[in-house]
Amino acid sequence: MYDYLVVGAGLFGAVFAHEAKKRGKKVLVIDKRDHIAGNIYCEKVEDINVHKYGAHIFHTNDKAVWDYINQFAEFNNYINSPVAVYKDELYNLPFNMNTFSRLWNIKTPAEAKKIIADQIADLNLTEPKNLEEQALSLVGRDVYEKLIKGYTEKQWGRSCTELPAFIIKRLPLRFTFDNNYFNARYQGIPIGGYTPIIEKMLDGIEVLTSTDYFEWIKTNSDKVNKTVFTGQIDQFFDYKLGVLEYRSVRFETEVLDTDNFQGNAVVNYTERSVPYTRIIEHKHFEFGTQPKTVISKEYSSEWKPGIEPYYPVNNEKNNKLYEEYKKLADETPNVIFGGRLGHYKYYDMDKVIDVALAAVKEEFGEN
Ligand code: FAD
Ligand code: UDP
């Protein structure tokens, strides 16, 4: 008999399992993939840690979360500074004085602010209602047209007027010459990749990979007291209220016979006509000096059953449907939902740790 069945060996599941075991509980972790670590799984190719399900940069302002994750890894001093390619032009990200200077051939914040204000003067954007209005109100028309519109519509498969404003607010906007993609006090890549973090969290805990919950539970429900479910909440309830939308990504990964393909870990292609959104060159996350390199092109698509759901599409329609599922979840005894898919939220890793630790506290009455 297990005190807890944890469905999903990703970050949420691993934190919960680790903390439950620490409190003397008997835990079984299962995952339908053939490996642990969920979307932060890394695999060595040509001696380079390849982020198999997309590039992951750890960043947080939360000291408690930073201290927590540092129990399981040592982080390097990588700072994410992507560049964006639009046609034959190259710009620094996030939107900052380097971007504006290259775009308008200007030098001062006052000049940049004036150009942006002039570009949106007649739009009356006091309360941005969608991503397009939010982006225009922050950075003006040129940046929106060249660096946001095409990328966002590829990434989300929806018009910028149909997307929530919060998505673009993830990116810093600065009137300083600072290319750090995150406004985070703590940032880095775990030396050796992310998989060893999850291995350490799950040390001493029984784990079954290549095991789908919906099959396993048919013959094993008598072995489980409580369940922590980090898969899709709508699938748990057999989609009975409707299907939540997700975006998926196809990663086209190649080994190249050169030591440095693009000179940066992340290069975004912001034009609509380039079919991928970005190219990741994995070695640069760890300042690699290997003779070859590994790159991944990311192609975004709508999720359908059978492929991986990566990004919840948190627009009004889906959030409303999620709230209905949440009510069902709250009425379901002995099941705790968690993580990006279980909470249907566009969480970063630090937030996942935060909500997993909150779930632990609540479960063990430690509030
Ligand atoms: P997951 O890692 O998805 O784990 C859920 C696990 O449950 C999976 O392993 C899945 O196989 C398993 N599962 C699902 N259903 C079942 C079932 N029926 N039976 C058994 N197992 C099941 N965050 C950052 O902080 N920085 C970044 O740079 C960053 N980059 C990202 C880039 C991409 C492309 C994506 C998609 C996400 C990125 N994130 C980033 C977010 C980060 O991946 C998540 O916050 C975090 O990994 C979510 O952890 P999780 O445990 O909730 O989910
Ligand atoms: N974005 C953009 N242009 C870029 C990079 C990002 O318009 O060059 C927008 C896009 O809508 C994206 C959002 O900003 O979905 C958040 O970007 P982030 O890099 O945080 O996306 P993630 O890493 O989660 O895919």
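Residues numbered from 1 in each chain as written. Chains lettered and ligands numbered in written order. Predicted model: local features only at pLDDT ≥ 70, side-chain atom pairs only at ≥ 80, totals over all residues. Heavy atoms only, no water.

Which parts of the structure should I look at to understand the overall build of the chain?
A count of helices and strands for the chain gives 12 helices and 16 strands. Expected size for 367 residues packed as a compact globule is a radius of gyration near 21 Å; at 22 Å, the chain falls within 12% of this value. By principal-axis analysis of the C-alpha atoms, the chain measures approximately 70 × 50 × 40 Å. The buried share among the 367 residues of the chain stands at 56%. Taking all contacts inside the chain whose residues are at least 6 apart in sequence as the whole, residues at least 24 apart take part in 72%. Carbon and sulfur atoms provide 48% of the accessible area of the chain, an area that totals close to 16,900 Å². (Helix = DSSP H or I, 4+ residues; strand = E, 2+ residues; numbered from the N terminus. Rg over C-alpha atoms; globule rule 2.2 N^0.38 Å. Buried < 20%, exposed > 50% of the residue type's maximum accessible area, 1.4 Å probe, protein only. Contact = heavy atoms within 4.5 Å. Areas by Shrake-Rupley, 256 points an atom, 1.4 Å probe, with all protein chains shown as cover.)

Explain the environment of His18 here, please?
Relative to the assigned elements, His18 resides in helix H1 (residues 11–22). In this structure the C-alpha to C-alpha distance between His18 and Pro305, which are 287 residues apart in sequence, comes to 30 Å.

Looking at this structure, how should I read the site of ligand 2?
In the region of ligand 2, 17 residues are neighbours, and Leu147, Thr152, Tyr181, Tyr311 and Tyr346 sit closest. A distance of 2.8 Å is found between a nitrogen atom of ligand 2 and a backbone nitrogen or oxygen belonging to Leu147. Take Tyr311: an N or O atom from its side chain is 2.7 Å from an oxygen atom of ligand 2. Relative to its unbound accessible surface of 530 Å², ligand 2 loses 94% to contact with the protein. Where the shell around ligand 2 is concerned, the elements lending two or more residues are helix H5 (131–156) and helix H6 (166–169). Among the elements that line the shell around ligand 2, the one with the most residues is H5, at six residues. Taken together, the residues of the shell around ligand 2 break down into 11 nonpolar, four polar and two charged. (Near = heavy atom within 4 Å. Polar contact = N/O pair within 3.5 Å; in protein donor to acceptor, adjacent residues only side chain to side chain. Nonpolar A, V, L, I, M, F, W, Y, C, P; charged D, E, K, R; others polar.)

Help me understand empty space enclosed by the protein in this model?
The probe, sized like a water molecule, is rolled over the atoms to show the empty space still left. Tallied over the entire structure, the rule returns one cavity of 30 Å³ or more. Of the pockets and cavities examined, the largest cavity occupies roughly 40 Å³. If you go around the largest cavity, the residues you meet are Phe95, Ala135, Leu138, Val139, Ile148, Ile168, Leu171, Pro172 and Leu173. If one sorts the elements of the lining of the largest cavity by residue count, H5 sits on top with four residues. When grouped by side-chain class, the residues that make up the lining of the largest cavity number nine nonpolar, no polar and no charged. (1 Å grid on protein atoms, 1.4 Å probe; cavity = no way out; pocket = protein on both sides within 12 Å on 5 of 7 lines; lining within 4 Å. Points joined across faces, edges and corners; volume = space filled by probe spheres on them.)

Looking at this structure, how should I read the sheet that holds strand E15 (residues 311–312)?
Whenever strands of a sheet pair, they do so through backbone hydrogen bonds, lying parallel or antiparallel. Taken in spatial order, the seven strands line up as E7-E6-E12-E13-E14-E11-E15 in an open sheet, and their pairing is mixed. Edge strands, defined here as strands with exactly one partner in the open sheet, are strand E7 (89–92) and E15. Against the sheet, H5 engages strand E6 (83–86), E7, strand E11 (246–256), strand E12 (266–269), strand E13 (278–281), strand E14 (293–302) and E15, with an angle of about 95° to E6. (Pairing = 2+ DSSP bridges. Axes fitted to C-alpha atoms, helices over the stretch in contact; angles between N-to-C directions.)

Please clarify how the site of ligand 1 should be interpreted in this entry.
Close to ligand 1 lie 31 residues; Asp31, His56, Ile57, Tyr347 and Met349 are nearest. At 2.9 Å, a backbone N or O of Asn39 approaches an oxygen atom of ligand 1. Between ligand 1 and the protein, one listed contact pairs an oxygen atom with a side-chain N or O atom of His56 at 2.6 Å. Coverage of ligand 1 by the protein amounts to 96% of the 1,000 Å² it exposes when considered alone. Secondary structure elements with two or more residues in the shell around ligand 1: H1, helix H8 (213–220), helix H11 (339–342) and helix H12 (349–363). Residues of the shell around ligand 1, tallied by class, amount to 14 nonpolar, 11 polar and six charged.

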